[in-house]
Amino acid sequence: MTEHEAQPTAQREQAHGEAGGNQPPQPVQDNGAQVSTDVTPAGPAEAAIPELVIISGMSGAGRSTAAKCLEDLGWFVVDNLPPALIPTMVELGARSQGNVARIAVVVDVRGRRFFDNLRESLADLEAKHVTRRIVFLESSDDALVRRFESVRRPHPLQGDGRIVDGIAAERELLRELRGDADLVIDTSSLNVHELRAKMDAQFAGEEEPELRATVMSFGFKYGLPVDADLVADMRFLPNPHWVPELRPYTGLNEEVAAYVFNQPGAKEFLDRYAELLRLIAAGYRREGKRYVTIAIGCTGGKHRSVAMSEKLAARLVAEGVETVVVHRDMGRE
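Residues numbered from 1 in each chain as written. Predicted model: local features only at pLDDT ≥ 70, side-chain atom pairs only at ≥ 80, totals over all residues. Heavy atoms only, no water.

Novice: I would appreciate a short explanation of the nonpolar core in the present structure.
Specialist: If you look at soluble globular proteins, the nonpolar side chains tend to sit buried side by side. If you look at the biggest cluster of nonpolar residues, it comprises 47 residues, and the most contacted ones within it are Leu52, Ile55, Ile86, Met199 and Phe203. Setting aside anything within four residues of it in sequence, one finds Leu52 in contact with Ile86, Val90, Ile103, Val105, Leu125, Val130, Thr131, Arg132 and Arg133. (Core = buried A, V, L, I, M, F, W, Y, C linked by side-chain atoms within 4.5 Å. Buried < 20%, exposed > 50% of the residue type's maximum accessible area, 1.4 Å probe, protein only. Contact = heavy atoms within 4.5 Å.)

Novice: What is the right way to read the pattern of salt bridges from this model?
Specialist: Note on pairing: side chains with opposite charge can pair once their charged atoms come close. Counted according to the given criterion, the structure contains 22 salt bridges. Close ionic contact of Glu172 with Arg175 constitutes a salt bridge, the shortest N to O distance being 3.0 Å. On the criterion of helical spacing, the pair formed by Glu172 and Arg175 is a turn pair, its members being three residues apart in helix α6 (residues 163-180). For Arg175, a relative accessible area of 53% gives the class exposed. Across the pair Asp329 and Arg328 runs a salt bridge whose closest N-O atoms are separated by 2.9 Å. (Salt bridge = Lys/Arg side-chain N within 4 Å of Asp/Glu carboxyl O. Helix = DSSP H or I, 4+ residues; strand = E, 2+ residues; numbered from the N terminus.)

Novice: How do you make sense of unusual backbone geometry when you look at a structure like this?
Specialist: Here the phi dihedral of Asn80 falls at roughly 60°; this positive angle occurs in a residue that is not glycine. Tracing the sequence through the fold places Asn80 in the loop between β3 (76-79) and α2 (86-94). The residue His129 is not glycine, and still its phi comes out positive at about 60°. With respect to the helices and strands, His129 occurs in the loop between α4 (118-127) and β5 (132-138).

Novice: Explain α6 to me, please; I cannot follow it from the model alone.
Specialist: One turn of the α-helix equals 3.6 residues, which is why residues spaced by three or four share an orientation. Its 18 residues place the ends of α6 26 Å apart at the C-alpha level, agreeing with the 26 Å of an ideal helix rising 1.5 Å per residue. Helix geometry: α6 is bent most strongly at Leu174, by close to 50°. Where α6 is concerned, the buried positions are Ile163, Gly166, Ile167, Glu170, Leu174 and Leu177. (Expected span 1.5 Å × (residues − 1). Bend = angle between axes of the 7 residues up to and from the residue.)

Novice: It is not clear to me how the packing of aromatic side chains should be interpreted in this structure. Could you clarify?
Specialist: What describes a pair of aromatic rings is the distance from one ring centre to the other and the angle between the planes of the rings. Enumeration according to the criterion identifies four aromatic pairs in this entry. The interplanar angle of 55° and the centroid separation of 5.8 Å between the aromatic rings of Phe236 and Phe269 together place this pair among those described as tilted. In this pair, Phe236 is assigned in the loop between β8 (230-233) and α8 (254-261) and Phe269 in helix α9 (residues 266-287), connecting sequence segments 33 residues apart. Look at Phe236 and you get partly exposed, because its relative accessible area is 44%. An aromatic cluster of three or more residues is present, and its members are Phe236, Phe269 and Tyr273. Here the basic side chain of Arg235 rests over the ring of Phe220, its NZ or CZ set 3.7 Å away from the ring centre. Here Arg332 stacks its cationic end above the ring of Tyr222, 4.1 Å away from the centre of that ring. (Phe/Tyr/Trp six-rings, centres within 6.5 Å; stacked < 30°, edge-to-face > 60°. Lys NZ or Arg CZ within 6 Å of the ring centre and 35° of its normal.)

Novice: It is not clear to me how the packing of α2 against α4 should be interpreted in this structure. Could you clarify?
Specialist: The description of two helices packed together rests on the angle between their axes and the distance between the axes. Running from N to C, α2 and α4 point in directions that differ by 35°, and their axes come no closer than 9 Å. Taking contact as the criterion, the partners of Ile86, Pro87 and Val90 in α2 are, on α4, Leu118, Ser121, Asp124 and Leu125. Its residues assigned to classes, the contact of α2 with α4 comprises five nonpolar, one polar and one charged. (Axes fitted to C-alpha atoms, helices over the stretch in contact; angles between N-to-C directions. Nonpolar A, V, L, I, M, F, W, Y, C, P; charged D, E, K, R; others polar.)

Function cannot be read off these values alone, since they describe shape.
In structure tokens, the structure reads:
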């Protein structure tokens, strides 16, 4: 893992594709919600409502790996639970006298006849003040096709059609749920160990921050990050690639960073975008959104986006936001 210039408390990982570095970011843990009068007490003391994580996403994107990771972290995991039974599972956990404090439920299209009940179940959980989060596993069509072909299994929704037909049908079915997700993880270029590292970073550790941010540099020529909540384009700045003495280096180099921020508009962009993010972060907290991915792009993801991502991450850390830096495409050239 490369040590960077800015705040030592900001966790960083360097990536090719979306893979993390050799060490995962410092993990965090969530604390269970407390008392609700909507759940029947188990005894003289009031029952504590378990934390709830709903894992969903595309078939082949890694839901089982994500679930196993939470199971290893001590979560009670239920695979393929019909959505209508989720409130019942939470209620049973509340009656367990603290033995089931954290529940993870995997919801997928294998239970599609029950899938329409998910919206009703989520509304029920909200009415009972249950702290719940949705983790959505995403992946590109090409990656999903390769995975299904490698195991020689049909897509659960392809029927008599092709794998791509099943993928398209599933995307449409899950579109609304993806929009409601608290955390979207794109596994297109992740292996099993890298996905586990991302899950560990979000769900293991000592203390949960109010808001956790991932600042990701990327190159537009390699495609937009599909899991980005916000995207900013640094191609309005001169490209250090055309300066021969800077070309071999990256935005982590002091000379490259100085070149980028000495350009007209660079410092002003950083100031204004950081202020905009403060406004957005306050709204996310009010809405209960705990995770945000901020993508900063340039042509190749090597110079301008890397330098800006580092400075922006330092600003977020100064604002008290737990921050991970990922340089998705640095080193691909």
